[in-house]
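Observations on the three-dimensional arrangement
Spelled out from the first residue to the last, the chains are:
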Amino acid sequence: MALNHRSSFCYTPLMSLREQLVGYIDSHFHLGIIESKEISASEISARMRNAGVTAGIDIGVVLDDLDERLERLRHFPGFAYSVGLYPSHADSPRISDDIADLDSALKRLIADTRLVALGEVGMDFHRSYGTPTIQRELLEAQLELARNYDLPVIIHNREADDQLHELLLQYRPRGIMHCFSSDAANMERFVELGMYISFAGNMTFKNATELKQAASRVPLDRVLFETDSPFLAPVPHRGKTNTPALVPHVYEYFADLRHMDLGELVGQVAENFSRAVPRYAGVPK
Ligand SMILES: [Zn+2]
């Protein structure tokens, strides 16, 4: 389907999954944190509809907001969610209880097809959560859970390319490198492991030279886009509160960088998304 930025979409029940997905997809956002910036769920949802954003994943970072998140998600038909313990849990005094709680949450939710991934999990050496060893143990326990429940993982990576590569090589999960911010060489080795590379608004920032190089070389069948909203609003909204409605700017930036037709890119990302999170059931009819 030919597509213009900001066009709106209308679906009929006879469309295939691929056609249903042909809207912009935001692979990573945090609805609860956006709401805390005083943008209501109905406002977020209206902005998304107007921008043609039809699918995406509300990403978990803690467990105690789960009921609230599931309630909120009822206002976002067609959208999926993930659960996981963010690397900051390396500071938790009760890590093994946290892991046990995550295990029971997954057991309870695994029948829900809107649950499509485990995350966000990972390593963050920019903030010194716990110690590197504790961060690693926290991640390893969650890679085990991802394996047990056959879920892809959403990986947070700050200044931890080597350590993450080593663990992903060992566990070989399927998954997404969220808000990819490393260079082309690292992109290539994560792609080799089978991971999808999700680019966020920081790719549009002026000084993001290495990241732009990675984006100009990433294989097109491994690309996803995200806002990580409310953080990292893309140019020309840099510095403002981000929402999933701004993900088209990330697509446009990438389409320009790769001299691609935007409509073709939207279709390609939809295919990638259904491969990256195979449990995703699609936009409701
Ligand atoms: Zn995030």
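Conventions we followed
Residues numbered from 1 in each chain as written. Predicted model: local features only at pLDDT ≥ 70, side-chain atom pairs only at ≥ 80, totals over all residues. Heavy atoms only, no water. Donors = N, O, S within 2.8 Å, 3.2 Å for Na, K, Ca; no water. Tetrahedral: all angles 85-135°; square planar, octahedral: opposite > 155°, others 65-115°. Helix = DSSP H or I, 4+ residues; strand = E, 2+ residues; numbered from the N terminus. Buried < 20%, exposed > 50% of the residue type's maximum accessible area, 1.4 Å probe, protein only. Axes fitted to C-alpha atoms, helices over the stretch in contact; angles between N-to-C directions. Parallel < 35°, antiparallel > 145°, perpendicular 65-115°, else oblique. Contact = heavy atoms within 4.5 Å. Nonpolar A, V, L, I, M, F, W, Y, C, P; charged D, E, K, R; others polar. Core = buried A, V, L, I, M, F, W, Y, C linked by side-chain atoms within 4.5 Å.

Coordination sphere of the zinc ion, protein contribution only: His-28 (NE2), His-30 (NE2), Glu-120 (OE) and Asp-228 (OD), at 2.1 to 2.5 Å. One can describe the donor arrangement at the zinc ion as irregular, given that its 4 donor atoms subtend angles of 85 to 171° at the metal. Read N to C, the donor residues that coordinate the zinc ion are spaced as H-x1-H-x89-E-x107-D. Placement of His-30 in the loop between strand 1 (24-29) and helix 2 (31-35) and of Asp-228 in the loop between strand 8 (223-225) and helix 10 (247-257) is noted, with a sequence separation of 198 residues between them. Across the pair, exposure class does not vary: His-30 and Asp-228 are buried alike.

Moving on, we get to the packing of helix 8 (residues 184-192) against helix 9 (residues 209-217). Interaxial distance between helix 8 and helix 9 falls to 8 Å at its minimum, and their mutual angle equals 40°. Regarding the angle of helix 8 to helix 9, the classification is oblique. Every residue of helix 9 that contacts helix 8 at Ala-184, Met-187 and Glu-188 is listed here: Glu-210, Gln-213, Ala-214 and Arg-217. Residue composition of the contact of helix 8 with helix 9, by class: 3 nonpolar, 1 polar and 3 charged.

With an omega of 10°, the peptide bond running from Gly-119 to Glu-120 counts as cis. For Glu-120, the position within the fold is in strand 4 (residues 115-124). For the bond from Val-235 to Pro-236, the omega torsion is 10°, close enough to zero to count as cis. As for its position among the elements, Pro-236 is in the loop between strand 8 and helix 10. In this structure, Asp-228 takes a positive phi of about 50° despite not being glycine. Note on Asp-228: relative accessible area 9%, which makes it buried. Even without being glycine, Leu-232 reaches a positive phi, approximately 55°. Its location among the elements puts Leu-232 in the loop between strand 8 and helix 10. Assessed through its relative accessible area of 28%, Leu-232 is described here as partly exposed.

Let us look at the nonpolar core. Ranked by internal contacts, the top residues of the largest apolar core, which has 89 residues, are Phe-199, Phe-225, Tyr-251 and Phe-254. It is helix 11 (residues 262-276) that provides the largest number of residues to this core, a total of 7 residues. If near-sequence neighbours (up to four positions away) are discounted, Phe-254 is found in contact with Phe-199, Met-203, Ala-215, Val-218, Leu-220, Val-223, Phe-225, Met-260 and Leu-265.

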